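Read off the chains here:
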Amino acid sequence: MARVSTSKRYDVSGQEMWERIGDPGRIYEWHPAIEATEVLDGGKRRVNTLGDGGRVSETILEQAERHHSWRIDESPLPVDNLIATLRVRDEGEGACVVECEATFDPAGVPEDEAAELNRGFFQAGLDAL
């Protein structure tokens, strides 16, 4: 099983950042690779449509204080068994760190290639904030 993680510091409070990114159904509003998000089953599932038209079906596993986790159920991406977490941590007064991490099994590509794809996806979201 492979693991990737990335993080970035921002000069806004953790609460302000969480208000922006905390709702799993609104990821399309801030992540540049996601064109649309359809929320299903009362918020327990989401389907993200990517810029190239690909669709990623996910189950929201946990929503808690400043973090949520999800599992990819169906995807055109070269990963199986992906479970990811998005977290916001306070970093002093008026600052925070957003962390993204995932574990997964590569599917049809070398592990380093699958890891770089996932790291790049997370970093694109962090850079867009």
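Notes on the structure in this doc start here.

Conventions and cut-offs
- Residues numbered from 1 in each chain as written.
- Predicted model: local features only at pLDDT ≥ 70, side-chain atom pairs only at ≥ 80, totals over all residues.
- Heavy atoms only, no water.
- Helix = DSSP H or I, 4+ residues; strand = E, 2+ residues; numbered from the N terminus.
- Expected span 1.5 Å × (residues − 1).
- Buried < 20%, exposed > 50% of the residue type's maximum accessible area, 1.4 Å probe, protein only.
- Arc of directions from axis to C-beta.
- 1 Å grid on protein atoms, 1.4 Å probe; cavity = no way out; pocket = protein on both sides within 12 Å on 5 of 7 lines; lining within 4 Å.
- Points joined across faces, edges and corners; volume = space filled by probe spheres on them.
- Nonpolar A, V, L, I, M, F, W, Y, C, P; charged D, E, K, R; others polar.
- Salt bridge = Lys/Arg side-chain N within 4 Å of Asp/Glu carboxyl O.
- Contact = heavy atoms within 4.5 Å.
- Pairing = 2+ DSSP bridges.
- Axes fitted to C-alpha atoms, helices over the stretch in contact; angles between N-to-C directions.

For helix H2 (residues 111-128), built from 18 residues, the straight-helix expectation of 26 Å at 1.5 Å per residue is met to within 8% by its first-to-last C-alpha distance of 26 Å. Listed as buried for H2 are Ala114, Ala115, Asn118, Phe122, Gly125 and Leu126. All buried residues of H2 fall inside an arc of 110° around its axis, so they share one side.

Taken as a whole, the largest pocket holds about 260 Å³ of empty space. In this structure, the largest pocket is lined by 16 residues; those nearest its centre are Leu50, Ile72, Leu77, Asn118 and Phe121. Of all the secondary structure elements, the ones that give two or more residues to the lining of the largest pocket are strand S3 (45-50), strand S4 (55-64), strand S5 (67-74), strand S6 (79-90) and H2. Counted by class, the lining of the largest pocket contains 12 nonpolar, two polar and two charged residues.

Peptide bonds are trans in most cases, and residues, glycine excluded, mostly fall at negative phi. Not every positive phi belongs to a glycine, and Asp41 is a case in point at roughly 50°. Positionally, Asp41 belongs in the loop between strand S2 (34-40) and S3.

For the structure on display, the rule yields 13 salt bridges. Here Arg26 ties to Glu29 by a salt bridge, and the two come within 2.9 Å at their closest N and O atoms. By relative accessible area, which is 31% here, Arg26 ends up partly exposed. Arg46 is the salt-bridge partner of Glu58, the closest N and O atoms lying 2.4 Å from each other. Of the two residues, Glu58 sits in strand S4 while Arg46 sits in strand S3, which places them 12 residues apart along the sequence. In this pair, the class of Glu58 matches that of Arg46, namely buried. Overlapping salt bridges, with partners in common, bring together Arg3, Arg87, Arg89, Glu99 and Glu101 in one network.

Position of Pro78 relative to the elements: it lies in the loop between S5 and S6. Pro78 sits in the buried class, given a relative accessible area of 19%. Distance from Pro78 to Ser5, taken between C-alpha atoms, is 17 Å for residues 73 residues apart in sequence. Sequence-distant contacts of Pro78, that is, excluding residues within four places in its chain, are made with Asp105, Pro106, Ala107, Val109, Ala114 and Leu117.

As a further point, take the sheet that holds strand S7 (residues 96-106). In a beta sheet, neighbouring strands pair by backbone hydrogen bonds and run either parallel or antiparallel. Within the open sheet, the seven strands sit side by side as S1-S7-S6-S5-S4-S3-S2. Their pairing is antiparallel. The open sheet is flanked by strand S1 (2-10) and S2, the only strands paired with a single partner. Strand-to-strand, the axes of this sheet are offset by a mean angle of 20°, without reference to chain direction. Pairing of S4 with S5 involves seven bridges; the strand directions are antiparallel. For Thr59, the partnering residue across the bridge sits in S5 and is Arg71. Across the sheet, helix H1 (residues 14-21) lies against S1, S4, S5, S6 and S7, angled at about 145° from S6, the strand it touches most. H2 rests against S1, S2, S5, S6 and S7 of the sheet, and its axis sits at about 20° to S1.

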